[in-house]
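The lines below spell out each chain.
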Amino acid sequence: AQSVTQPDIHITVSEGASLELRCNYSYGATPYLFWYVQSPGQGLQLLLKYFSGDTLVQGIKGFEAEFKRSQSSFNLRKPSVHWSDAAEYFCAVPNDYKLSFGAGTTVTVRA
Amino acid sequence: NAGVTQTPKFRILKIGQSMTLQCTQDMNHNYMYWYRQDPGMGLKLIYYSVGAGITDKGEVPNGYNVSRSTTEDFPLRLELAAPSQTSVYFCASSYSKASGRHEQYFGPGTRLTVT
(Lines give C-alpha, C1' and ligand atoms only; values in the text may rest on other atoms or scores of the structure.)
Protein backbone atom coordinates (compact mmCIF):
# COMPACT_ATOMS: atom_id res chain seq x y z
CA ALA A 1 0.00 0.00 0.00
CA GLN A 2 1.10 3.53 -0.68
CA SER A 3 1.92 5.76 2.26
CA VAL A 4 3.19 9.24 3.02
CA THR A 5 5.33 10.54 5.83
CA GLN A 6 5.44 14.08 7.14
CA PRO A 7 8.68 14.41 9.12
CA ASP A 8 7.83 17.71 10.81
CA ILE A 9 5.18 17.69 13.51
CA HIS A 10 5.27 21.42 14.16
CA ILE A 11 6.76 24.42 12.36
CA THR A 12 6.81 28.02 13.52
CA VAL A 13 7.30 30.72 10.93
CA SER A 14 7.24 34.52 11.02
CA GLU A 15 4.59 36.34 9.05
CA GLY A 16 6.00 37.27 5.65
CA ALA A 17 8.63 34.54 5.73
CA SER A 18 8.66 31.57 3.39
CA LEU A 19 7.28 28.18 4.37
CA GLU A 20 8.15 24.68 3.24
CA LEU A 21 6.41 21.56 4.50
CA ARG A 22 7.87 18.17 3.76
CA CYS A 23 6.08 15.08 2.50
CA ASN A 24 7.77 11.84 1.51
CA TYR A 25 5.95 9.05 -0.25
CA SER A 26 6.64 5.36 -0.59
CA TYR A 27 5.57 3.94 -3.91
CA GLY A 28 7.46 2.65 -6.91
CA ALA A 29 5.36 4.13 -9.67
CA THR A 30 4.28 7.74 -9.97
CA PRO A 31 1.71 8.30 -7.25
CA TYR A 32 -1.22 10.64 -7.09
CA LEU A 33 -0.59 13.08 -4.25
CA PHE A 34 -2.70 15.62 -2.41
CA TRP A 35 -2.17 18.39 0.10
CA TYR A 36 -5.05 19.33 2.40
CA VAL A 37 -5.27 22.12 4.96
CA GLN A 38 -7.30 22.10 8.15
CA SER A 39 -7.88 25.50 9.76
CA PRO A 40 -8.72 25.49 13.47
CA GLY A 41 -12.17 24.03 14.06
CA GLN A 42 -12.73 23.39 10.37
CA GLY A 43 -12.82 20.44 8.04
CA LEU A 44 -10.13 19.64 5.51
CA GLN A 45 -9.83 21.66 2.33
CA LEU A 46 -7.89 20.61 -0.75
CA LEU A 47 -4.92 22.88 -1.47
CA LEU A 48 -3.58 21.11 -4.55
CA LYS A 49 -3.14 17.75 -6.21
CA TYR A 50 -0.62 16.03 -8.44
CA PHE A 51 -1.40 13.27 -10.91
CA SER A 52 1.18 13.49 -13.68
CA GLY A 53 2.86 15.94 -16.01
CA ASP A 54 4.32 19.20 -14.77
CA THR A 55 6.09 18.51 -11.49
CA LEU A 56 5.37 21.99 -10.11
CA VAL A 57 1.75 22.26 -9.10
CA GLN A 58 -0.04 25.48 -8.21
CA GLY A 59 -2.80 25.46 -5.65
CA ILE A 60 -5.12 27.79 -3.83
CA LYS A 61 -4.14 30.43 -1.27
CA GLY A 62 -0.77 30.99 -2.98
CA PHE A 63 0.60 27.51 -2.28
CA GLU A 64 2.60 25.35 -4.65
CA ALA A 65 4.16 21.91 -4.42
CA GLU A 66 6.92 20.20 -6.32
CA PHE A 67 7.01 16.50 -7.10
CA LYS A 68 10.56 15.10 -7.05
CA ARG A 69 10.81 11.47 -7.99
CA SER A 70 14.53 11.27 -7.16
CA GLN A 71 13.78 12.28 -3.56
CA SER A 72 10.35 10.62 -3.26
CA SER A 73 9.04 13.96 -2.09
CA PHE A 74 6.11 16.28 -2.66
CA ASN A 75 6.92 19.33 -0.58
CA LEU A 76 4.50 22.20 -0.11
CA ARG A 77 5.74 25.78 -0.29
CA LYS A 78 4.53 29.32 0.10
CA PRO A 79 6.79 32.31 -0.55
CA SER A 80 5.26 34.65 2.03
CA VAL A 81 3.14 33.39 4.90
CA HIS A 82 0.11 35.24 6.22
CA TRP A 83 -1.29 34.89 9.74
CA SER A 84 -4.31 33.11 8.26
CA ASP A 85 -2.02 30.27 7.11
CA ALA A 86 -1.80 29.02 10.69
CA ALA A 87 -3.35 25.57 10.36
CA GLU A 88 -2.61 21.89 10.17
CA TYR A 89 -1.45 20.54 6.82
CA PHE A 90 -1.85 17.00 5.60
CA CYS A 91 -0.23 15.19 2.74
CA ALA A 92 -2.27 12.28 1.38
CA VAL A 93 -2.05 9.49 -1.16
CA PRO A 94 -4.92 7.36 -2.50
CA ASN A 95 -5.06 3.67 -1.74
CA ASP A 96 -7.85 2.36 -3.94
CA TYR A 97 -11.05 3.54 -2.23
CA LYS A 98 -9.50 5.64 0.52
CA LEU A 99 -6.98 8.35 1.19
CA SER A 100 -4.02 7.57 3.41
CA PHE A 101 -2.91 10.63 5.31
CA GLY A 102 0.35 11.65 6.87
CA ALA A 103 0.33 12.55 10.56
CA GLY A 104 0.11 16.24 9.71
CA THR A 105 2.26 19.32 10.28
CA THR A 106 0.98 22.12 12.47
CA VAL A 107 2.05 25.58 11.34
CA THR A 108 2.19 28.45 13.80
CA VAL A 109 2.62 31.96 12.43
CA ARG A 110 4.19 34.56 14.69
CA ALA A 111 3.76 38.27 14.15
CA ASN B 1 -24.37 23.96 -2.57
CA ALA B 2 -23.89 23.28 1.11
CA GLY B 3 -21.33 20.54 0.32
CA VAL B 4 -20.92 18.07 3.18
CA THR B 5 -22.74 18.87 6.40
CA GLN B 6 -22.38 17.13 9.75
CA THR B 7 -24.36 17.27 12.95
CA PRO B 8 -23.79 17.72 15.80
CA LYS B 9 -20.64 19.84 15.99
CA PHE B 10 -19.87 18.80 19.55
CA ARG B 11 -21.12 16.05 21.83
CA ILE B 12 -20.24 14.64 25.22
CA LEU B 13 -21.28 11.04 25.89
CA LYS B 14 -21.10 8.91 28.98
CA ILE B 15 -19.49 5.49 28.71
CA GLY B 16 -22.00 2.97 27.39
CA GLN B 17 -24.29 5.50 25.73
CA SER B 18 -25.09 5.39 22.02
CA MET B 19 -25.43 8.08 19.43
CA THR B 20 -25.64 8.71 15.70
CA LEU B 21 -23.48 11.18 13.86
CA GLN B 22 -25.28 12.60 10.87
CA CYS B 23 -23.71 13.32 7.49
CA THR B 24 -25.37 14.71 4.37
CA GLN B 25 -23.95 15.75 1.02
CA ASP B 26 -25.70 17.55 -1.81
CA MET B 27 -23.19 16.94 -4.60
CA ASN B 28 -24.72 13.64 -5.76
CA HIS B 29 -21.49 11.82 -4.94
CA ASN B 30 -21.58 8.05 -4.88
CA TYR B 31 -18.64 7.63 -2.52
CA MET B 32 -18.89 8.62 1.13
CA TYR B 33 -16.47 8.08 3.99
CA TRP B 34 -16.16 8.36 7.74
CA TYR B 35 -12.76 9.18 9.20
CA ARG B 36 -11.61 9.78 12.74
CA GLN B 37 -8.81 12.14 13.59
CA ASP B 38 -6.62 11.67 16.64
CA PRO B 39 -3.70 13.95 17.54
CA GLY B 40 -0.50 13.04 15.71
CA MET B 41 -2.20 10.20 13.85
CA GLY B 42 -3.64 11.84 10.77
CA LEU B 43 -7.03 10.54 9.69
CA LYS B 44 -8.06 6.90 9.81
CA LEU B 45 -10.90 5.46 7.75
CA ILE B 46 -13.74 3.92 9.75
CA TYR B 47 -16.26 2.97 7.07
CA TYR B 48 -16.97 3.88 3.50
CA SER B 49 -19.77 3.49 0.98
CA VAL B 50 -19.70 3.27 -2.79
CA GLY B 51 -23.40 3.93 -3.22
CA ALA B 52 -26.80 3.58 -1.62
CA GLY B 53 -27.13 0.20 0.06
CA ILE B 54 -23.41 -0.62 -0.13
CA THR B 55 -21.02 -0.12 2.77
CA ASP B 56 -17.71 -1.62 3.81
CA LYS B 57 -15.24 -1.49 6.66
CA GLY B 58 -12.19 0.69 6.69
CA GLU B 59 -9.13 0.52 8.91
CA VAL B 60 -10.77 1.07 12.31
CA PRO B 61 -14.42 -0.12 12.20
CA ASN B 62 -14.75 -1.71 15.64
CA GLY B 63 -17.40 -0.07 17.78
CA TYR B 64 -19.13 1.64 14.86
CA ASN B 65 -21.89 0.90 12.38
CA VAL B 66 -23.10 2.65 9.26
CA SER B 67 -25.97 2.56 6.82
CA ARG B 68 -26.56 4.16 3.43
CA SER B 69 -30.22 4.21 2.47
CA THR B 70 -29.92 7.24 0.19
CA THR B 71 -27.20 8.83 -1.93
CA GLU B 72 -27.22 11.92 0.26
CA ASP B 73 -27.00 10.49 3.79
CA PHE B 74 -24.38 8.39 5.52
CA PRO B 75 -24.95 8.24 9.30
CA LEU B 76 -22.37 6.75 11.68
CA ARG B 77 -23.68 4.90 14.71
CA LEU B 78 -21.71 4.47 17.93
CA GLU B 79 -22.97 1.69 20.15
CA LEU B 80 -21.77 1.43 23.75
CA ALA B 81 -19.45 4.44 23.65
CA ALA B 82 -15.97 3.97 25.10
CA PRO B 83 -13.29 6.54 26.05
CA SER B 84 -11.20 5.26 23.12
CA GLN B 85 -13.84 6.74 20.80
CA THR B 86 -13.06 10.25 21.96
CA SER B 87 -11.99 11.85 18.70
CA VAL B 88 -12.93 14.25 15.92
CA TYR B 89 -15.05 12.58 13.26
CA PHE B 90 -15.08 13.71 9.65
CA CYS B 91 -17.45 12.73 6.92
CA ALA B 92 -16.29 13.08 3.33
CA SER B 93 -17.65 12.44 -0.13
CA SER B 94 -16.25 12.12 -3.63
CA TYR B 95 -17.35 11.46 -7.18
CA SER B 96 -15.21 8.33 -7.42
CA LYS B 97 -12.84 6.30 -5.30
CA ALA B 98 -9.67 8.01 -4.10
CA SER B 99 -7.45 6.48 -6.78
CA GLY B 100 -9.83 7.81 -9.42
CA ARG B 101 -8.24 11.25 -9.10
CA HIS B 102 -11.29 12.99 -7.72
CA GLU B 103 -10.80 14.91 -4.51
CA GLN B 104 -12.69 14.17 -1.35
CA TYR B 105 -14.82 16.93 0.13
CA PHE B 106 -14.90 17.07 3.91
CA GLY B 107 -17.50 18.18 6.38
CA PRO B 108 -16.63 20.46 9.32
CA GLY B 109 -16.32 17.58 11.78
CA THR B 110 -17.95 16.40 14.99
CA ARG B 111 -15.89 16.62 18.18
CA LEU B 112 -16.91 13.75 20.46
CA THR B 113 -15.83 13.25 24.04
CA VAL B 114 -16.65 10.05 25.93
CA THR B 115 -16.28 10.24 29.70
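See the structure printed just above.
Computed from a predicted model, the values in this text were never measured in an experiment.

A.B. asks: I would appreciate a short explanation of the pattern of salt bridges in the present structure.
C.D. replies: When charged atoms on two side chains of opposite charge get close, those side chains can pair. All told, the structure shown has seven salt bridges over all chains when counted by the stated rule. The residue A:Lys98 makes a salt bridge to B:Glu59 at a minimum N-O spacing of 3.9 Å. With A:Lys98 in strand S11 (residues 98-101) and B:Glu59 in the loop between strand S6 (54-57) and strand S7 (64-66), the pair connects residues from two separate chains. One salt bridge in this structure joins B:Asp38 and B:Arg36, with 3.0 Å as the shortest N-O distance. As far as the burial class goes, B:Asp38 and B:Arg36 line up, both buried. It is possible to trace a salt-bridge network through shared partners that takes in A:Glu64, A:Glu66 and A:Arg77.

A.B. asks: It is not clear to me how the side chain of B:Arg36 should be interpreted in this structure. Could you clarify?
C.D. replies: Residue and element names in this part refer to chain B. Position of Arg36 relative to the elements: it lies in strand S4 (residues 31-37). Under the relative-accessibility criterion, Arg36 is labelled buried at 11%. Here the side chain of Arg36 touches Asp38 through a polar contact of 3.0 Å, side chain to side chain. Here the side chain of Arg36 touches Ser84 through a polar contact of 2.8 Å, landing on its backbone oxygen. Sequence-distant contacts of Arg36, defined by excluding residues within four places in its chain, comprise Gly42, Leu43, Lys44, Ile46, Val60, Tyr64, Ser84, Gln85, Thr86, Ser87, Val88 and Tyr89.

Procedures and definitions
Residues numbered from 1 in each chain as written. Chains lettered and ligands numbered in written order. Predicted model: local features only at pLDDT ≥ 70, side-chain atom pairs only at ≥ 80, totals over all residues. Heavy atoms only, no water. Salt bridge = Lys/Arg side-chain N within 4 Å of Asp/Glu carboxyl O. Helix = DSSP H or I, 4+ residues; strand = E, 2+ residues; numbered from the N terminus. Buried < 20%, exposed > 50% of the residue type's maximum accessible area, 1.4 Å probe, protein only. Polar contact = N/O pair within 3.5 Å; in protein donor to acceptor, adjacent residues only side chain to side chain. Contact = heavy atoms within 4.5 Å.

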